[in-house]
Amino acid sequence: DRTTCLRFGGMSSSGIWKNLKFLFKLVVDNFLTMVTVAIAAATIVVVARLGPDEILGRLRALTPAYLFLSCFLPASAVTMYLLSQPRKVYLVDYACFHGTHLNRVPFSAFLECARQSTTLNERSIRFMSRLLESSGLGEETCLPTPVHYIPWNKYLTLEAGREEAELVVFSAIDELFSKTNVSPDTIDILVVNCSGFNPTPSFIDMIINKYKLRGDIHSVHLSGMGCSAGLISVEAARNLLQTGRRGARALVVSTETISPLLYDGNERAMLLPFCLFRMGGAAVLLSTSAAKARLRLMSVVRTLTAADDNSYRCIHREEDDKGHTGVNLSKDLIAAAGRTLKANIVTLAPIVLPISEQLLLAMSFVAQKLTNGRFKVYVPNFLTAFEHFCIHAGGTAVIDEVQRSLSLSNEHVEPSRMTLHRFGNTSSSSTWYELAYIEAKGRLHRGDRVWMIGFGSGFKCNSVVWKCIVPAPNTNGPWAGCIHRYPVQIKSPKTSTGNTRMAGHNNKQLRDT
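These remarks concern the structure in this document. (Residues numbered from 1 in each chain as written. Predicted model: local features only at pLDDT ≥ 70, side-chain atom pairs only at ≥ 80, totals over all residues. Heavy atoms only, no water.)

Things to note about the overall build of the chain
To keep it simple, the criterion reads: The numbering of helices and of strands both runs from the N terminus, where a helix is a DSSP run of H or I of at least 4 residues and a strand a run of E of at least 2. A 1.4 Å probe rolled over the protein chains alone gives each residue an accessible area, and that area as a share of the maximum for its type sets the label: buried under 20%, exposed over 50%, partly exposed in between.
Each helix and strand in the chain was counted, giving 17 helices and 13 strands. For the chain, with 513 residues in total, the buried portion stands at 47%.

See the structure below:
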């Protein structure tokens with residue numbers, strides 16, 4: 001670069017531009033601080049030039065009413081501002097379900113069980129085989145008990161769904177209570193989300209009965225909101241905590257029970273989620289008390305584009321022409337995700353980005369309008385606002401789209417890809433597995449900011465921003481025993497040239513599907 005770049009004053013043109021950009025960001029982002037320091041310094045200089053007698057004389061000349069107003073009004077303004085601020089919400093800890101070897105289903109076992117189905121034809125089996133090879137999933141993902149039986153579709157009962165739900169939810173909550181040493185009767189709020197399985201009695205009743213929670217507990221059950229419901233539950237718990245007593249505690253449980261939702265038809269668009277979804281769940285403890293807190297909840301931004309017909313139908317649970325129920329993923333899914341993410345970013349950017357990035361973005365918008373679209377809109381550098389990204393592990397195509405839209409490196413999306421490989425698409429709980437990956441790798445430090453991004457039916461894009469207070473004391477969690485093997489190189493099937501490529505890049509076969 002030094003030999004090819006133009007030089008000016010012993011520095012290349014690219015170096016001059018970098019220094020100017022750094023100086024611009026430094027001045028703009030710290031403008032208020034610089035002004036405050038300058039005013040404080042000028043005040044100190046003026047006061048230092050005045051003698052003690054002159055200062056006392058000027059104070060005696062002021063009337064009592066003037067002194068009262070000059071002290072009372074600022075103090076009242078500060079008090080009113082502090083009282084109007086919502087209570088801060090903190091994450092005490094969280095725990096994720098991690099199945100045993102009894103729950104794991106390698107590709108070969110999955111396909112063998114599928115071949116024994118009385119409804120799936122050979123063409124669908126071949127399609128599922130190709131799809132699994134290019135899905136980004138590994139051989140250690142977990143599926144519920146019915147899939148281990150032959151033929152598995154005979155055992156997809158309501159009771160099987162209850163057993164799966166209890167296994168996942170109770171395991172995660174037990175681990176959470178063990179980690180935090182919190183008694184169940186101190187829980188004030190319970191928020192549960194499960195999109196497709198809604199038994200009677202509900203998940204809320206099931207948890208209260210198991211742990212004997214108080215009868216006056218505030219409870220909410222969210223259903224039908226897809227993979228983004230986990231972050232919606234965080235917002236619901238936050239709103240309830242900010243209106244409750246000080247120091248209240250909220251238990252948030254995110255899961256997806258897939259036993260009653262497994263598809264046994266031959267529609268390709270409905271076989272895709274059948275191949276990607278896996279068992280998973282997370283339990284999260286939130287509180288308005290900072291005692292023993294590990295993360296602070298900074299922002300929550302929700303975006304819903306259900307008014308658009310294409311977005312509304314891109315993830316749709318329906319029956320095929322044979323009467324088999326499944327989730328249909330349309331070809332508009334990736335485009336809908338991109339549009340909704342863009343709308344979410346427009347709302348989130350002014351909240352989290354430094355002033356310099358906001359100013360550059362605003363200037364680029366103005367330039368684009370003045371040039372009739374010939375000027376390219378500036379893409380904000382979100383690395384100035386976040387150190388870590390937890391992107392919903394819905395599939396390689398979804399991760400690719402977010403990586404491209406935000407100009408992220410492979411390292412930034414590594415938690416999402418590795419979570420997809422190790423656990424599959426665990427729906428609303430996937431972002432917690434990704435946060436656990438970051439902590440297991442020892443990458444989360446005090447002051448780091450984490451951006452969780454969730455996508456779901458509707459179409460929804462939800463963002464939650466956390467700030468680290470205390471990193472994890474140990475690496476115990478869903479990645480215990482396997483974190484030393486990650487990251488792994490995820491290869492897609494060989495192309496026509498005989499070469500292999502990373503599954504992190506655009507996967508045309510999966511995108512076309």
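Side note on the packing of aromatic side chains
Which entries qualify depends on this criterion: Within 6.5 Å between ring centres, the rings of Phe, Tyr and Trp (the latter by its six-membered ring) count as paired, and their orientation is classed by plane angle as stacked under 30 degrees, edge-to-face over 60, tilted in between. Whether a charge lies above a ring is judged from NZ of Lys or CZ of Arg, which has to be within 6 Å of the ring centre and within 35 degrees of the ring normal.
If you walk through the whole model with that rule in mind, you get 18 aromatic pairs. Geometry around Tyr-94 places Lys-179 over its ring, the cationic atom sitting 5.5 Å from the centre. Its end group placed over the ring of Phe-170, Lys-210 keeps NZ or CZ at 5.3 Å from the ring centre.

Notes on the sheet that holds strand S5 (residues 218–222)
Put simply, the test is: For two strands to be treated as a pair, DSSP must find at least two bridges joining them. Helix axes are fitted only over the stretch in contact, all axes being lines through C-alpha atoms; the angle between N-to-C directions runs from 0 to 180 degrees. We call two residues in contact when some of their heavy atoms are within 4.5 Å.
Read across the open sheet, the nine strands follow the order S5-S4-S6-S7-S3-S8-S13-S12-S11; overall the sheet is mixed. The two strands at the open ends of the sheet, each matched to only one other strand, are S5 and strand S11 (388–391). The sheet shows a mean angle of 20° between the axes of neighbouring strands, direction not considered. In this fold helix H7 (residues 158–180) packs onto strand S3 (90–96), strand S6 (249–255) and strand S7 (281–287), with an angle of close to 130° to the strand it touches most, S3. Its contacts with the sheet place helix H9 (residues 229–243) against strand S4 (189–193), S5, S6, S7, strand S8 (295–304), strand S12 (449–456) and strand S13 (460–468), and it is angled at close to 165° to S4.

Regarding empty space enclosed by the protein
For the record, the criterion: Residues are called lining when one of their atoms sits within 4 Å of a cavity or pocket point, these points coming from a 1 Å grid over the protein atoms alone, where a cavity is a set in which a 1.4 Å probe fits but cannot get out and a pocket is an open set with protein on both sides within 12 Å along at least five of seven lines. Grid points are joined across faces, edges and corners, and a volume is the space filled by probe spheres set on the points. Note on residue classes: Ala, Val, Leu, Ile, Met, Phe, Trp, Tyr, Cys and Pro are nonpolar, Asp, Glu, Lys and Arg are charged, and everything else, Gly too, is polar.
The full count for this structure, using the stated rule, is three cavities of 30 Å³ or more. Looking at the largest cavity, its volume works out to about 50 Å³. In terms of lining, the largest cavity is formed by Phe-97, His-98, Gly-99, Thr-141, Cys-142, Met-279, Arg-422, Phe-423 and Tyr-433. Looking at the lining of the largest cavity, its residues break down into five nonpolar, three polar and one charged.

Regarding the packing of helix H12 (residues 333–352) against helix H14 (residues 396–406)
Convention followed: Small angles under 35 degrees read as roughly parallel and large ones over 145 as roughly antiparallel, with 65 to 115 read as roughly perpendicular and the rest as oblique. Crossings are sorted by hand: turned counterclockwise from the far helix by less than a right angle, the near helix makes the crossing left-handed, and turned clockwise it makes it right-handed.
Between H12 and H14, the least distance of the axes is 10 Å, while the angle of their chain directions is 40°. Classed by the angle they form, the pair H12 and H14 counts as oblique. Remark: the crossing between H12 and H14 carries right-handed chirality. Note on element contacts: H14 touches H12 through Ala-397, Val-398, Glu-401, Val-402, Ser-405 and Leu-406, opposite Ile-334, Gly-338, Leu-341 and Ile-345. Across the contact of H12 with H14, the residue classes tally to seven nonpolar, two polar and one charged.

Some words on the environment of Glu-401
With respect to the helices, strands and loops of the structure, Glu-401 is situated in helix H14. For Glu-401 and Gly-338, which are 63 residues apart along the polypeptide, the C-alpha to C-alpha distance reads 6.8 Å.

Digging into a positive patch on the surface
For clarity, the threshold we go by: Only residues whose relative accessible area exceeds 30% and that form no salt bridge are eligible for patches; like-charged ones are grouped when within 9 Å, while nonpolar side chains (Val, Leu, Ile, Met, Phe, Trp, Tyr) are grouped when within 5 Å. All accessibility values rest on the Shrake-Rupley procedure with a 1.4 Å probe; residue burial counts only the protein chains present in the view. Any Lys or Arg side-chain nitrogen located within 4 Å of an Asp or Glu carboxyl oxygen qualifies as a salt bridge. As used throughout, the charge tally considers Lys and Arg to be positive and Asp and Glu to be negative, leaving His and the chain termini uncounted. Charge positions are represented by NZ for Lys, CZ for Arg, CG for Asp and CD for Glu.
Together, Arg-123, Arg-126, Arg-130 and Arg-268 make up a positively charged patch on the protein surface. Examining the composition of the positive patch, we find that three residues originate from one element, helix H6 (residues 122–133), more than from any other. Secondary-structure assignment places Arg-126 in helix H6. Residue classification places Arg-126 among the partly exposed positions, given a relative accessible area of 44%.

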